[in-house]
Amino acid sequence: MHRKSITEIAEDLRAKRYSSVELTQTFLTRINQFDRKLNSFITVTEEAALKAALNADKRLADGTATPLTGIPIAHKDSFCTEGVKTSCASKMLDNFIAPYSATIVERAADAGMVLLGKTNLDEFAMGTSNETSFYGPTLNPWDCKLVPGGSSGGSTAAVAARLVPAATGSDTGGSIRQPAAFCGVMGLKPTYGRVSRHGMIAFTSSFDQAGPICHSAADMALLLNVMAGFDPKDSSSVTTAAPDYSATLNESIKGLKIGLPAEFFGAGLDSGIAVKIEAAICELKKLGATVQEIELPRSQLAIPTYYIIAPAECASNLARFDGIRFGHRCSNPVNIDDLYARSRAEGFGSEVKRRIMIGTYILSKGYIDEYYLKAQKVRQLIRQDFQAAFEKVDIILGPTTPTPPFALGGKVHDPISMYLNDIYTSPVNLAGLPALSMPAGFTEGLPVGMQLIGNYFAEAKLLNVAHRYQQVTDWHRQVPKIYPAA
Ligand code: GLN
């Protein structure tokens with residue numbers, strides 16, 4: 001059961017081969033069996049899950065089911081979930097029970113999906129390896145000595161290990177795509193504004209975007225059909241209606257123009273990854289696509305630009321965690337300043353503090369023009385590079401990450417080298433474009449992720465290309481031999 005795609009499970013549920021309760025029980029048992037070691041979940045909502053599954057079975061019986069009714073899902077623990085602890089993997093929110101649900105949590109529940117629990121992440125989604133979590137790191141299911149990527153590493157590891165068929169993530173500079181690549185699963189960052197951010201704890205509001213994580217383009221289309229669309233509760237949500245993403249999956253890609261950015265294939269790219277991406281390009285050519293080299297010269301500036309704008313916005317967003325309204329409060333404060341200072345000093349981990357300090361500095365008088373405003377201008381230049389490229393090509397293709405998954409502890413003391421892992425993903429957030437990462441093979445036994453980048457609102461095109469590729473390859477069906485709990 002656990003190896004099946006969402007599409008197959010949905011068929012089985014309708015054919016009554018098993019019930020949603022049996023299915024949910026199977027996944028809960030797997031979580032019990034494997035997750036003590038993997039650490040991909042922060043909270044498992046077993047009781048509520050079985051109740052939701054029972055309801056789903058009723059909907060399947062009385063004809064009110066949607067294509068996703070009865071299918072289990074897990075949400076990254078940065079999405080508020082009513083009545084459930086929503087920690088953002090921080091001590092600051094270790095005691096926080098969300099009073100309402102994020103829009104995408106609500107939409108998944110309304111569709112009849114069964115919530116199994118909340119997944120681990122880097123604290124406040126700041127990280128690339130899942131090592132900054134207050135609850136300890138998640139391990140990579142392909143090799144437990146390696147990181148799963150981050151910040152949505154709990155979600156991608158849980159999906160890879162078949163502890164749940166689908167999960168949500170959020171992507172500010174690569175946090176859906178980079179861990180998807182490291183764990184050998186598929187992850188999509190939609191166009192900025194396509195999926196509601198309401199109830200997703202903010203990191204960098206002008207980059208943050210929620211998206212689905214699963215195994216195949218067909219499954220992803222079903223998930224996006226539920227998640228995408230206007231939300232009056234999110235002021236950056238776009239009003240244009242979302243299409244039916246399943247409808248165009250099978251379109252021919254004959255004549256599709258693929259752009260290969262020279263900057264994504266240069267020095268710094270692991271040679272094992274390069275070989276696999278070349279092989280994937282050959283497959284797409286066989287399907288009728290044509291390729292041409294393009295240039296994204298200013299994408300080289302994405303990491304420094306990102307690391308100005310992201311800390312600035314996060315310093316401002318995290319000001320709300322003051323020990324008063326919600327979250328951690330220090331004991332016996334002597335006055336209000338002591339309350340603020342100690343609650344924050346005790347509640348936040350060191351990576352979060354580093355970013356708050358950098359961001360506060362960048363936003364201070366005298367520096368805001370020199371850093372923040374300049375970074376906003378560079379951001380426009382990066383966006384222009386993409387727009388110029390999309391005059392010539394339909395989609396842009398390259399590796400998702402420059403390296404395969406790295407060792408746990410390998411980069412924790414070298415933030416710059418950690419930050420550089422997002423070199424191919426962060427330009428996309430600066431431009432607000434949609435992009436997905438999908439499995440494209442293995443190098444020395446470790447998954448390789450291929451990134452497809454589209455023009456604004458071209459999610460359907462990306463899923464179409466991914467689906468055609470997955471019809472002639474089976475990388476997305478590979479299952480890691482995960483280790484049982486110690
Ligand atoms: N790795 C990047 C960072 O550390 C991106 C994180 C994200 O996309 N949430 O900020």
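The structure presented is a predicted model; accordingly, all values stated were derived computationally and were not measured.

### Regarding unusual backbone geometry
In step 1: The residue after Gly 150, namely Ser 151, is reached through a cis peptide bond having omega 10°.
In step 2: Inspection of the secondary structure puts Ser 151 in the loop between strand S3 (114-119) and helix H5 (153-160).
In step 3: For Ala 89, which is not glycine, the phi dihedral falls at a positive 55°.
In step 4: Relative to the assigned elements, Ala 89 resides in the loop between strand S2 (72-76) and helix H4 (103-110).

### Quick word on the pattern of salt bridges
In step 1: Counted by the stated rule, this structure contains 14 salt bridges.
In step 2: For Lys 286, the salt bridge is made with Glu 283, and the minimal N-O distance between the two is 3.5 Å. A residue pair is termed a helical-turn pair when its members lie 3 or 4 positions apart in one helix, as Lys 286 and Glu 283 do in helix H8 (residues 271-286) at three residues.
In step 3: A relative accessible area of 23% places Glu 283 in the partly exposed class.
In step 4: Through salt bridges with shared partners, one network takes in Lys 4, Asp 12 and Arg 17.

### Digging into the side chain of Gln 178
In step 1: Along the chain, Gln 178 turns up in helix H6 (residues 177-183).
In step 2: Filtering out sequence-adjacent residues up to four positions away, Gln 178 remains in contact with Thr 128, Gly 149, Gly 150, Thr 400, Thr 401, Asn 421 and Asp 422.

### Side note on the pairing of strand S6 (residues 209-214)
Each regular strand displays side chains that alternate between the two surfaces of the sheet.
In step 1: Counting buried positions along S6 yields six of six residues, so the element is predominantly enclosed.
In step 2: Note that strand S5 (residues 186-189) and S6 share two bridges and pair antiparallel. Across the sheet, the residue bridging to Gly 187 is Ile 213, located in S6.

### Things to note about empty space enclosed by the protein
In step 1: This structure, assessed with the given rule, holds four cavities of 30 Å³ or more.
In step 2: Approximately 80 Å³ is the volume found for the largest cavity.
In step 3: In this structure, the largest cavity is lined by 13 residues; those nearest its centre are Phe 124, Ala 125, Ile 201, Ala 202 and Phe 203.
In step 4: For the lining of the largest cavity, the per-class residue count stands at nine nonpolar, three polar and one charged.
In step 5: Considered as a void within the structure, the second largest cavity measures approximately 60 Å³ in volume.

### Some points on the nonpolar core
In step 1: Formed by 140 residues in total, the largest nonpolar core has its most connected members in Phe 124, Phe 386, Leu 452 and Leu 463.
In step 2: Among the elements that line this core, the one with the most residues is helix H9 (residues 302-317), at 10 residues.
In step 3: When neighbours within four sequence positions are excluded, Phe 124 is seen to be in contact with Cys 88, Ser 90, Met 92, Leu 93, Ile 201, Phe 203, Leu 318, Phe 321, Phe 348 and Val 352.

### Digging into the site of the ligand
In step 1: Of all residues adjacent to the ligand, which total 15 residues, the nearest are Gly 173, Ser 175, Tyr 306, Arg 355 and Asp 422.
In step 2: In this structure, a nitrogen atom belonging to the ligand sits 3.5 Å away from a side-chain N or O atom of Ser 151.
In step 3: Burial of the ligand by the protein chains amounts to 100% of its free accessible area of 290 Å².
In step 4: When each cavity is represented as a set of grid points, the ligand is found to reside in the second largest cavity.
In step 5: Across the shell around the ligand, the residue classes break down as five nonpolar, seven polar and three charged.

Parameters at a glance
- Residues numbered from 1 in each chain as written.
- Predicted model: local features only at pLDDT ≥ 70, side-chain atom pairs only at ≥ 80, totals over all residues.
- Heavy atoms only, no water.
- Helix = DSSP H or I, 4+ residues; strand = E, 2+ residues; numbered from the N terminus.
- Salt bridge = Lys/Arg side-chain N within 4 Å of Asp/Glu carboxyl O.
- Buried < 20%, exposed > 50% of the residue type's maximum accessible area, 1.4 Å probe, protein only.
- Contact = heavy atoms within 4.5 Å.
- Pairing = 2+ DSSP bridges.
- 1 Å grid on protein atoms, 1.4 Å probe; cavity = no way out; pocket = protein on both sides within 12 Å on 5 of 7 lines; lining within 4 Å.
- Points joined across faces, edges and corners; volume = space filled by probe spheres on them.
- Nonpolar A, V, L, I, M, F, W, Y, C, P; charged D, E, K, R; others polar.
- Core = buried A, V, L, I, M, F, W, Y, C linked by side-chain atoms within 4.5 Å.
- Near = heavy atom within 4 Å.
- Polar contact = N/O pair within 3.5 Å; in protein donor to acceptor, adjacent residues only side chain to side chain.
- Areas by Shrake-Rupley, 256 points an atom, 1.4 Å probe, with all protein chains shown as cover.
- Sits in = over half its atoms within 2 Å of the grid points.

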